[in-house]
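Structural characterization, general
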Amino acid sequence: MQIKEILSLSPSNQSLVIKGWVRTKRVSANVAFIALNDGSTIHNIQGVVSDGAVSEETLKLVTTGACIAMTGTLIPSQGQGQSVELQVNSIEVYGVADPEKYPLQPKKHSLEFLREIAHLRPRTNTFSAILRVRHALAYAVHTYFNQNQFFYLHTPIITGSDAEGAGEMFRVTTLPATNPPLTEDGKVDFKEDFFGKETNLTVSGQLEGELGAMALSKVYTFGPTFRAENSNTTRHLAEFWMIEPEVAFNELEDNMNLAEDFTKFCIKYALDHCADDIAFLEKRLLDEEKTKKKEEQSELSLTEKLRFVTENDFERITYTEAINILLQSKTHKQGKFQYPVEWGIDLQSEHERWLVEKHFKKPVILTNYPKDIKAFYMKLDEDGKTVRAMDVLFPGIGEIIGGSQREDDYEKLLQRTKEVGIEEESIWWYLETRKFGSAPHAGFGLGFERLVLFVTGMSNIRDVIPFPRTPKTAEF
RNA sequence: UCCUUCUUAGCUCAGUUGGUUAGAGCACAUGACUGUUAAUCAUGGGGUCCCUGGUUCGAGCCCAGGAGAGGGAGCCA
């Protein structure tokens, strides 16, 4: 039986076996206490070993990090801090952990240090809480889409198209790294490669998602995505998980409604199902905030922040309106933005943060960006200058969702591919959907880790995925 | 990739103007303690001061180069 279940039981004479990893052991003259955790919950169960119940040699092996099974009966706790505890009759040691060498100590560790021991960090309170919340959010994603008649579409991880334009790609090849076969003009001959052409890891399942939507109407993908960008920030990973719904007959407005409803559902799901873990993470965040300057401290606790998002409407404004608000802001008039503000610029982080964190103080959906700063597949507005794009910006995180209504007119789409220099032959299959039964449709991409970041209150994306992949780092 | 800060014990950090044998807290070990909550108290062990080279009578500290990490920016999700 797992500790989560045992902690909800009433004391009885029934003998129980509890297996887990030792967090701490406290020894007094006549009694020893063992805090045991098995990852099923943030809470430990306390084992009480009375004098003589377990041999001294065995008790000596019970150290922080060791894996043991305790057998005993559940009794009401005499101490404070827990209502029940296990009166231990015997202990079996599965795996010892040399306390001189085991790196996790019963004390606070820095997140940087824990990243270096990512193979052990799930055994800490913080990371086990994060991983449980991450699981709940993943489950919420599938639950939401299933409840709303979406079909889960598996888009390829190895892709032969290089037209997605979302970033640098990782090449997939079976050719030898030294002396690969060459063409006559000295380039690598990918005709000799496994697929007979150049292939890469996907940077987005969107294009294939659109193909699915043109048959199943409502689809979503949820899978790993790879970007070979040399990004070194707290919100980028080389390997991350992306959620991409794509819906036939949806226009930009519907797309916004879906994005808002979906994120609210997921956050609410985590609040409802991970109360203990979120409470722990809230306390952790509070301790962290105390080390910051007063003006940088958040006014809201983690739970308050999450409830605020689920209970309030997202602010929806166009790019043009956002530029006007920025131009009229004190910050701009006093020249306190580092980057200039004018219609046509791609908004900088400082502009987005100001809008979200200072001006509106809630999630903001920005729409109708200039076409020149957005992707080729976005539907052109009537004015011919802007496209039906939308970005959802979250406080502290920035862009969490990027999406659009897609261009469904064959000629206009072809025109745009030419303008941005994409070869027609490389995405003929994508263009054909606009030739045969084209339909208005829209979708977006949501970075799963950014959602986990927001819900857990963590600040570095490397701490919300079990094994982060970033430039120069692929250990574990 | 750019800017910036950092790298000293297992962890978190101090280390004065360049000067004898490099410190603290926690962790760990041993002992004490009648039920603890990251127990407490006492005692003890523990160092390639990131690496390479240089300046100097003398370098943890100054200089040059390199590596790694953090934060910010860009790219984006």
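Per-chain numbering applies: the sequence of each chain, read as written, is numbered from 1 onward. Here chains are named by letter from A upward and ligands by number from 1 upward, in the order in which they appear as written. pLDDT decides what is reported in this predicted model: residues at 70 or higher carry local features, side-chain atom pairs at 80 or more are listed and counted, and totals for whole chains, interfaces and linings draw on all residues regardless. Computation of side-chain values: all heavy atoms of the structure, hydrogens and water removed.

Helix numbers and strand numbers start at the N terminus; a helix is a DSSP run of H or I with at least 4 residues, a strand a run of E with at least 2. Scanning chain A from N- to C-terminus turns up 14 helices and 16 strands. Projected onto its principal axes, the C-alpha coordinates of chain A cover approximately 85 × 60 × 45 Å. Burial status across chain A gives 48% buried among its 476 residues. In this description, contact between two residues means that some pair of their heavy atoms is separated by no more than 4.5 Å. Of the contacts made within chain A by residues no fewer than 6 positions apart, 67% connect residues no fewer than 24 positions apart. For the accessible areas, the method is Shrake-Rupley and the probe is 1.4 Å, while residue cover comes only from the protein chains on display. Carbon together with sulfur atoms contributes 50% to the accessible area of chain A, which is approximately 24,200 Å² in total. Positive: Lys, Arg. Negative: Asp, Glu. His and the chain ends are not part of the count. Note on charges: their place is set at NZ of Lys, CZ of Arg, CG of Asp or CD of Glu. Charged side chains in chain A number 54 positive and 69 negative. The centres of these two groups are separated by 6 Å. Each residue gets one of three labels from its accessible area relative to the maximum for its type: buried under 20%, exposed over 50%, partly exposed in between, using a 1.4 Å probe on protein chains only.

On to the sheet that holds strand β7 (residues 158–159), then. Sheet strands line up and pair through hydrogen bonds in the backbone, either parallel or antiparallel. DSSP-based pairing: two strands are paired if at least 2 bridges between them are found. Pairing in this open sheet of three strands is antiparallel, and the strands run β7-β9-β8 from one edge to the other. Two strands close off the open sheet at either side, each with one partner strand: β7 and β8 (171–172).

A few words on the protein's contact with RNA strand B. Proximity criterion: a residue is near a molecule or strand once any of its heavy atoms comes within 4 Å of it. Around RNA strand B there are 54 residues in total, and K107, T233, H236, I400 and R450 lie nearest to it. Polar contacts, as counted here, are pairs of nitrogen or oxygen atoms within 3.5 Å of one another; within protein the pair requires one atom able to donate a hydrogen and one able to accept it, and residues that are adjacent in sequence qualify only if both atoms are side-chain atoms. Within the side chain of H236, an N or O atom sits 2.8 Å from a base nitrogen of RNA strand B. At a separation of 3.3 Å, a sugar or linking oxygen of RNA strand B approaches a polar backbone atom of I401. Within the residue set of the surface near RNA strand B, elements represented by two or more residues are β1 (15–27), β2 (31–37), α3 (111–116), β11 (239–248), β15 (398–405) and β16 (441–447). Here the element with the most residues in the surface near RNA strand B is β15; it accounts for four residues. Considered class by class, the residues forming the surface near RNA strand B number 13 nonpolar, 25 polar and 16 charged. Here the nonpolar group is Ala, Val, Leu, Ile, Met, Phe, Trp, Tyr, Cys and Pro; Asp, Glu, Lys and Arg are the charged ones; every other residue, Gly included, is treated as polar.

A few words on the confidence of the model for chain A. When pLDDT is averaged along chain A, the result is 93; 99% of the residues meet or exceed 70. Prediction confidence for the complex, expressed as pTM and ipTM, is 0.95 and 0.92 respectively. Each residue carries a pLDDT score, the predictor's own confidence in it, on a scale running from 0 to 100.

Let us look at the packing of aromatic side chains. Two rings belonging to Phe, Tyr or Trp (six-membered ring only in the last case) form a pair when the distance between their centres is within 6.5 Å. Interplanar angles under 30 degrees mark stacking, angles over 60 mark edge-to-face geometry, and anything in between is tilted. Using the criterion set out here, one finds 20 aromatic pairs in the structure. By the ring-pair criterion, three or more aromatic residues cluster together here, those being Y139, Y144, F145, F150, Y152, Y220, F262, F265 and Y269. Only Lys NZ and Arg CZ are tested; either one counts as a charge over a ring when it is within 6 Å of the ring centre and within 35 degrees of the ring normal. When the ring centre of Y369 is taken as origin, the NZ or CZ atom of K374, which lies over that ring, is 4.2 Å away. Over the aromatic face of Y430 sits the side chain of R434, whose NZ or CZ is 4.4 Å from the ring centroid.

The strand order across the open sheet formed by eight strands is β6-β10-β11-β16-β15-β14-β13-β12, and the pairing between neighbours is mixed. The open sheet has two edge strands with one neighbour each: β6 (151–152) and β12 (315–318). In this sheet, β11 lies alongside strand β10 (residues 218–226) in antiparallel orientation, the contact comprising nine bridges. Bridge assignment links Y220 to a residue of β11, and that residue is P245. Every angle, taken between N-to-C directions, lies between 0 and 180 degrees, and every axis is a line fitted to C-alpha atoms, over only the stretch in contact when it is a helix. Here helix α4 (residues 125–147) sits on the sheet in contact with β6, β10 and β11, set at roughly 150° to β10. Contacts from helix α11 (residues 349–360) reach β12, β13 (364–367), β14 (389–394) and β15 within the one sheet, and its direction differs from that of β13 by about 135°.

By the secondary structure assignment, T433 is in helix α13 (residues 428–435). Looking at T433, its side chain comes within polar contact range of the side chain of R434, at 3.0 Å. Those residues in contact with T433, other than ones at most four positions away along the chain, are L211, M214 and S438.

Looking now at the state of the cysteines. Cysteine sulfurs are considered disulfide-paired once they come within 2.5 Å of each other. Taken as a whole, this structure holds zero disulfides when the rule is applied. For the unlinked cysteine C266, the closest cysteine sulfur is that of C274, found at 12 Å. The buried category is assigned to C266, whose relative accessible area is 0%.

Glancing now at the pairing of β13. Neither face of β13 is open: one carries V364 and L366, the other I365 and T367, and all of them are buried. Pairing of β12 with β13 involves four bridges; the strand directions are parallel. Paired with I317 across the bridge in β13 is L366. The sheet contact formed by β13 and β14 spans four bridges and is antiparallel. Considered in β14, the bridge of V364 is made with L393.

Moving on to the pattern of salt bridges. Should the charged atoms of two oppositely charged side chains come close, the side chains can pair. A pair is scored as a salt bridge if a Lys or Arg side-chain nitrogen falls within 4 Å of a carboxyl oxygen belonging to Asp or Glu. All chains considered together, the criterion is met by 24 salt bridges. A salt bridge links D287 to K290, with the nearest nitrogen and oxygen atoms 3.9 Å apart. Note that D287 and K290 are positioned in helix α7 (residues 275–290) at a spacing of three residues, about one turn of the helix. Assessed through its relative accessible area of 36%, D287 is described here as partly exposed. Between K362 and E315 there is a salt bridge; the shortest N-O distance is 3.8 Å. Note that K362 is positioned in the loop between α11 and β13 and E315 in strand β12, a separation of 47 residues in sequence. Through salt bridges with shared partners, a single ionic network connects E253, E260, K264, D313 and R316.

Moving on, we get to unusual backbone geometry. Although it is not a glycine, N179 sits at a positive phi angle of roughly 50°. You can see N179 is positioned in the loop between β8 and β9 (199–201). Positioned with a positive phi, K361 is a non-glycine residue whose angle comes to about 55°. When you line up the elements, K361 lands in the loop between α11 and β13. Among the residues examined, K361 registers a relative accessible area of 47% and is labelled partly exposed.

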